[in-house]
Amino acid sequence: MHVHHSRRCEFDAFASFSLFGALLLSLAGCGFQGEPPFAGRQVPGVAPWQDIGPITLCDGAARLGPLSFGALGTCDDKAAPACATDADCASREACLCGRCALPVCDSAEECGPGRVCSFDDRVCDRSCASDADCAHGEQCVPGKNVCRGLCATGADCQHGESCDTLSGRCLPESCASDSECAGSCRLERLPAALAEPSPIVESGGVTMWLERTDPMGAPAIWRATSTDGITFTFDPPHALLSGRAPSVLHDPERGYLMLYALGAGSASSLALATSTDGVAFTPSAAPVLPGADQPSLIAAPMGGLVAYYLGADGAIGRATSTDGAAFTAAPPAVLTPAAVSDPILWRGVDELASPFAQALNDPSGQPFVRLWFSAHGTESAASQQFGKTLPTPPDFSIGEAASTGGGPFVPYPFDPVFDRVLEFLTHPSELDPAVIALGDSWLLYYRRAAADGSQSENLAVARSPVVPR
């Protein structure tokens, strides 16, 4: 699906809503730029990003959810059978991180197609209009419109359920600890803050390094793998090293190179680590780039390495390395908030974050760098609500820029290219972009958050139907 991109971002998102017939759902648009450089002209090949939703990250048999949701599972003393798909499980169960279980939820988006979140029970139920919509031995509960099993004893119920002898129905039993169960609580969701994904396509799947912070813990760098780019498993099942915001480059000669952040704020610096297998990393003896944060590491077209990073001045900087060990900053900044700000499409941009660079070739074979980034600004004009004029609060959205020489960068003239709009007026934030070509489409990984960047909702993914070339 292609959208004429001379219109503003929110219009493209609304048009995408209409085409999908999902006016009440969250949709992310707006574009994918396929040909550099921009040079202030309209470029063909733009298509909308289609928001797929949160990715699944499995830590053993449990998935990770936002810190604000907390731990959640079901009361279940029975051994959960292994599975590959939902078809391997009973009718009300789902295949979750390789095990059959009754899925739990605190948001509708945790449940997926065909299921609804019963918020009072905190489980994902199969929706129904009548008993015919349910499996044999189940009933469509009047008023709730969800399928529940009929039972005489607990043996008639599925994992995470008990038999209510008064109603003769299986009832879900959600829990956060063993104290809430007659037996044990099997946790299906663990809280963690996830950020700064660094994905690489290898062996037909996706390997992702990312920042993970557990409750009461410090940020650490983990590695996860996936066959489809949507469901990931931590591999190995422990942190690789302490640090933040990893950016990993696989060099055929030198193995895996990771540039990552230490410290925070004005005390942040970048360190380098090397690995032969992408798992066991050896950190450098000292930071290689003081005063920098949120790096993106790429190979330079003529040899050596280039690192893009967020500088202490709030602009995106550039550093180079000829030996893969020492980096030298190359001022001036390659992208500033003022260069991104636009009086119509992206007003008052005052902050940049999380650059993600791609070393690519244009259709004629000439090298260029595409830079994805997050920026804080306002995409919509003030709105009329109940007779009052209300300004749209600023938020973080994702933009795109390009450079034929590695810097300075020319922003895409119709930024932002990815901006979710909820309920037609609300703009939450999209941070930490990372883009890969997988199969016949592009995938954009990003972190969801509240408009001001707080209350992180962890990592999600969007897809562009533009075929990579």
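What counts, and at which threshold
Residues numbered from 1 in each chain as written. Predicted model: local features only at pLDDT ≥ 70, side-chain atom pairs only at ≥ 80, totals over all residues. Heavy atoms only, no water. Core = buried A, V, L, I, M, F, W, Y, C linked by side-chain atoms within 4.5 Å. Buried < 20%, exposed > 50% of the residue type's maximum accessible area, 1.4 Å probe, protein only. Helix = DSSP H or I, 4+ residues; strand = E, 2+ residues; numbered from the N terminus. Contact = heavy atoms within 4.5 Å. Salt bridge = Lys/Arg side-chain N within 4 Å of Asp/Glu carboxyl O. Phe/Tyr/Trp six-rings, centres within 6.5 Å; stacked < 30°, edge-to-face > 60°. Lys NZ or Arg CZ within 6 Å of the ring centre and 35° of its normal. Pairing = 2+ DSSP bridges. Axes fitted to C-alpha atoms, helices over the stretch in contact; angles between N-to-C directions. pLDDT = per-residue confidence, 0-100.

Re the nonpolar core
Next, step 1: Among the nonpolar cores identified, the biggest contains 36 residues, and W49, I55, L57, L210, F232 and Y445 are the most heavily contacted of them.
Next, step 2: A total of five residues in this core trace back to one element, the largest contributor, which is strand β38 (residues 441-449).
Next, step 3: For I55, the residues in contact, after removing those within four places along its chain, are M208, G229, I230, F232, Y445, L459, A460 and V461.
Next, step 4: Counting residues in hydrophobic clusters, the runner-up holds 19 residues, among them A300, Y308, L310 and A401.

Observations regarding the pattern of salt bridges
Next, step 1: One pass over the full model with this rule turns up 21 salt bridges.
Next, step 2: Note that R92 and E161 form a salt bridge whose closest N and O atoms lie 2.8 Å from each other. With R92 in the loop between β5 (72-75) and β6 (94-96) and E161 in strand β12 (residues 161-164), this pair connects stretches of sequence that are 69 residues apart. Residues R92 and E161 agree in their burial class; the two are buried.
Next, step 3: One salt bridge connects D120 with K144, and the closest N-O pair in it is separated by 3.1 Å. Here K144 lies in the loop between β10 (138-140) and β11 (147-149) and D120 lies in the loop between β8 (115-118) and β9 (123-126), a separation of 24 residues in the sequence.
Next, step 4: Judged by its relative accessible area of 32%, K144 is partly exposed.

Some points on the packing of aromatic side chains
Next, step 1: Scanning the model with the defined rule gives eight aromatic pairs in all.
Next, step 2: Taking 6.2 Å as the distance between ring centres and 20° as the angle between the ring planes, the aromatic pair formed by W346 and F373 counts as stacked. Of this pair, W346 sits in the loop between α2 (337-340) and β30 (347-361) while F373 sits in strand β31 (residues 367-378), placing them 27 residues apart in sequence. An identical accessibility class is assigned to W346 and F373; each is buried.
Next, step 3: Note that R212 overlies the ring of W222, its terminal NZ or CZ placed 4.0 Å from the centroid.
Next, step 4: Sitting above the plane of the F234 ring, R212 keeps its charged end 5.0 Å from the centroid.

Section: the sheet that holds strand β37 (residues 429-438)
Next, step 1: With antiparallel pairing, four strands are arranged side by side in an open sheet as β2-β39-β38-β37. Every other strand in the sheet has two partners, leaving β2 (50-54) and β37 as the edge strands with one partner each. For this sheet, the mean inter-axis angle between neighbouring strands, taken without regard to orientation, is 25°.
Next, step 2: Across eight bridges, the pairing between β37 and β38 is antiparallel.

Quick look at the pairing of β31
Next, step 1: Of all twelve residues that make up β31, eleven are buried, and the element is covered over most of its length.
Next, step 2: Judged from the ten bridges that link them, β30 and β31 form a sheet pairing that is antiparallel. Within β31, the position partnered with A359 by the bridge is V369.
Next, step 3: With antiparallel pairing between neighbouring strands as the criterion, β30 and β31 make up a hairpin whose turn holds five residues, including G365 at a positive phi of roughly 95°.

Remarks on unusual backbone geometry
Next, step 1: Here the amide bond leading from P331 into P332 is cis, since omega sits at 0°, within 30 degrees of zero.
Next, step 2: Position of P332 among the secondary structure elements: in the loop between β29 (328-329) and α2.
Next, step 3: Each neighbour pair has its own omega, and for D415 with P416 the value is 0°, a cis peptide bond.
Next, step 4: At C97, a position not held by glycine, the phi torsion is positive, near 55°.
Next, step 5: Mapped onto the fold, C97 is located in the loop between β6 and β7 (99-101).
Next, step 6: We note that M216 has phi near 65°; this positive angle belongs to a residue other than glycine.

A closer look at the sheet that holds β29
Next, step 1: Read from one edge to the other, the open sheet built from four strands follows the order β26-β27-β28-β29, with strand pairing classed as antiparallel. In this open sheet, the two edge strands, each paired with only one partner strand, are β26 (292-299) and β29.

Notes on the confidence of the model for the protein chain
Regions with low pLDDT should not have their predicted coordinates read in detail.
Next, step 1: When pLDDT is averaged across the protein chain, the result is 87; 87% of the residues are at 70 or more.
Next, step 2: For residues 1-30, every residue scores under 50 in pLDDT, and the model assigns this stretch 80 contacts once sequence neighbours within four places are set aside.

Side note on the pairing of strand β19 (residues 231-234)
Next, step 1: Residues F232 and F234 line the buried face of β19, whereas the alternating positions T231 and T233 sit on a face that is not buried.
Next, step 2: The pairing of strand β3 (residues 56-59) with β19 spans three bridges and is classified as parallel. Across the sheet, residue L57 finds its bridge partner in β19, namely F232.
Next, step 3: Summarising the sheet, strand β18 (residues 220-226) and β19 pair through two bridges and their orientation is antiparallel. Note that in β19 the partner of A224 across the bridge is F234.
Next, step 4: Hairpin connection between β18 and β19: a loop of four residues separates the two successive antiparallel strands, and G229 in this loop has a positive phi of roughly 80°.

Details of the environment of A434
Next, step 1: Among the structural elements, A434 can be located in strand β37.
Next, step 2: Sequence-wise, A434 and A357 are 77 residues apart; in three dimensions their C-alpha atoms are separated by 8.4 Å.
Next, step 3: Setting aside its immediate chain neighbours within four residues, A434 contacts P197, P199, F356, L443, L444 and Y445.

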